[in-house]
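# Commentary on secondary and tertiary structure
This is what each chain is made of:
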Amino acid sequence: MTMRAGLAALAAACIATVGPAGAAEVTVMSGGAVRSAFNDAASGWAKASGHKVVAVFAPAGDLRRKIAAGERADILIIPVENFAALEKEGAIDPGTRRDLGAVAMGAAVKQGARVPDISTPHKLNDTQLAAKYVTYMDPRRGTSGKHFDESVLGRLGVRDEVRAKATLGEGGYIAEKVASGEVEIAFHQMTEILPVKGITVVGLLPAELQKTTVYSGAVMRGARNPREAQALLDYLASPGGRKYFLDRGFTAP
């Protein structure tokens, strides 16, 4: 099915769900790794369906704290590893889950700078120790940061040395710190590196130290617009919707 045909079919299905009040506003709480792909895919869906999509992006740790504090949306998009706990807490409807895409971790340097070699754990270690300043996500807030801090730096035995010269990211495109010259190298999920201008992608972390994260979406319990939310999730997981994710650094889940 072509993307145009898929959107046309989707529009017919979604418009049939619009009640007397008109178009629905579908609210979304989402991890930042899907921002670029989601915004483009949701924009197409909104135009075809007549509904409105309002999304807020934050690191996974921040989202968990928001949910614990009682915040809700129609859709939650978060790393799949969180879903068992969220189902147990009654925060999401497990029958509505759709896997959207998988993303690996990589590194970036400023455009024009020497591109280091991180192809093996030993070479990655040398690169980290040689850099004056680095950045990665705060491990208390983001999935990639927790993995990098514990399973990369911890395993390599250089956590203290690298932490001493690290600027921990709070969310968003932390590789922008590389583009601005604040730090020499950034370690983050590839989908949050690729949209940044003024950087050069170094490559993926070595296989032995890699973490591939699957992002999934589900309708939250108490959603105001559950039918429209499910329609959006179904589109995102369809060939037409998934193309946006594949074009922006994701692989199929």
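Residues numbered from 1 in each chain as written. Predicted model: local features only at pLDDT ≥ 70, side-chain atom pairs only at ≥ 80, totals over all residues. Heavy atoms only, no water.

## Description of the overall build of the protein
Across its full length, the protein carries eleven helices and ten strands. Radius of gyration (C-alpha) of the protein: 19 Å, near the 18 Å computed for a compact globule of 253 residues. Along the first, second and third principal axes, the C-alpha set of the protein runs to 65 × 40 × 30 Å. In the protein, which comprises 253 residues, the proportion classed as buried is 50%. (Helix = DSSP H or I, 4+ residues; strand = E, 2+ residues; numbered from the N terminus. Rg over C-alpha atoms; globule rule 2.2 N^0.38 Å. Buried < 20%, exposed > 50% of the residue type's maximum accessible area, 1.4 Å probe, protein only.)

## Here's the deal with the pattern of salt bridges
Opposite charge on two side chains permits them to pair, given that their charged atoms come into close proximity. Inspection of the entire model under this criterion finds 14 salt bridges. Residue Glu-81 pairs with Lys-211 through a salt bridge whose shortest N-O separation is 3.2 Å. With Glu-81 in the loop between β3 (75–79) and α4 (83–89) and Lys-211 in the loop between β9 (199–204) and β10 (213–219), this residue pair connects regions lying 130 residues apart in the sequence. Classification of Glu-81 by relative accessible area gives partly exposed; the value is 48%. The shortest N-O distance in the salt bridge between Arg-97 and Asp-99 comes to 3.0 Å. Given the relative accessible area of 33%, Arg-97 is considered partly exposed. Of the residues examined, Asp-99 reaches a relative accessible area of 27% and is grouped as partly exposed. Ionic contacts of the salt-bridge type, sharing partners, join the residues Asp-62, Arg-65, Arg-141 and Glu-170 into one network. (Salt bridge = Lys/Arg side-chain N within 4 Å of Asp/Glu carboxyl O.)

## Details of the sheet that holds β10
The five strands lie next to each other as β2-β1-β3-β10-β4, forming an open sheet whose pairing is mixed. Each edge of the open sheet is held by one strand with a lone partner, namely β2 (52–58) and β4 (98–103). Neighbour-to-neighbour, the strand axes of this sheet turn through a mean angle of 20 degrees, independent of strand direction. Both β3 and β10 contribute to a ladder of five bridges, which runs antiparallel. When the bridges of β10 are listed, Leu-76 appears paired with Ala-218. Strands β1 (25–31), β2, β3, β4 and β10 of the sheet are contacted by helix α10 (residues 226–236), whose axis makes an angle of about 155 degrees with β10. (Pairing = 2+ DSSP bridges. Axes fitted to C-alpha atoms, helices over the stretch in contact; angles between N-to-C directions. Contact = heavy atoms within 4.5 Å.)

## Side note on the packing of aromatic side chains
In this structure the tally under the stated criterion is five aromatic pairs. Look at Phe-38 and Phe-57: their rings are 6.1 Å apart centre to centre, the planes differ by 70 degrees, and that puts the pair in the edge-to-face class. Within this pair, whereas Phe-38 is found in helix α2 (residues 35–49), its partner Phe-57 is found in strand β2, the two being separated by 19 residues in sequence. Here Phe-148 and Phe-187 contribute two aromatic rings whose centre-to-centre distance is 4.6 Å and whose plane-to-plane angle is 20 degrees, an arrangement assigned as stacked. Linking Phe-148 in helix α6 (residues 143–156) with Phe-187 in strand β8 (residues 185–189), this pair joins segments that are 39 residues apart in sequence. Across the pair, Phe-187 and Phe-148 agree in class, each one buried. Put simply, the rings of Tyr-136, Phe-148 and Phe-187 pair up and form one aromatic cluster. Taking NZ or CZ as reference, Arg-35 lies 4.7 Å from the ring centre of Tyr-173, over its face. If you follow Arg-97 out to its NZ or CZ, it ends over the ring of Phe-83, 5.7 Å from the centre. (Phe/Tyr/Trp six-rings, centres within 6.5 Å; stacked < 30°, edge-to-face > 60°. Lys NZ or Arg CZ within 6 Å of the ring centre and 35° of its normal.)

## Observations regarding α6
The first and last C-alpha atoms of α6 sit 19 Å apart over 14 residues, in line with the 20 Å expected at 1.5 Å per residue. Of all the positions in α6, only Thr-143, Ser-144, Gly-145, His-147, Phe-148, Asp-149, Val-152 and Leu-153 are classed as buried. (Expected span 1.5 Å × (residues − 1).)

## Thoughts on the packing of α2 against α10
Viewed as axis vectors pointing N to C, α2 and α10 meet at an angle of 120 degrees, and their least axial separation amounts to 10 Å. Accordingly, the angle class assigned to the pair α2 and α10 is oblique. By crossing handedness, the relation of α2 to α10 is classed as right-handed. Listed contacts from α10 to Phe-38, Ala-41 and Trp-45 of α2 are Glu-228, Ala-231, Leu-232, Tyr-235 and Leu-236. (Parallel < 35°, antiparallel > 145°, perpendicular 65-115°, else oblique. Left-handed = near helix turned anticlockwise from the far one by under 90°.)

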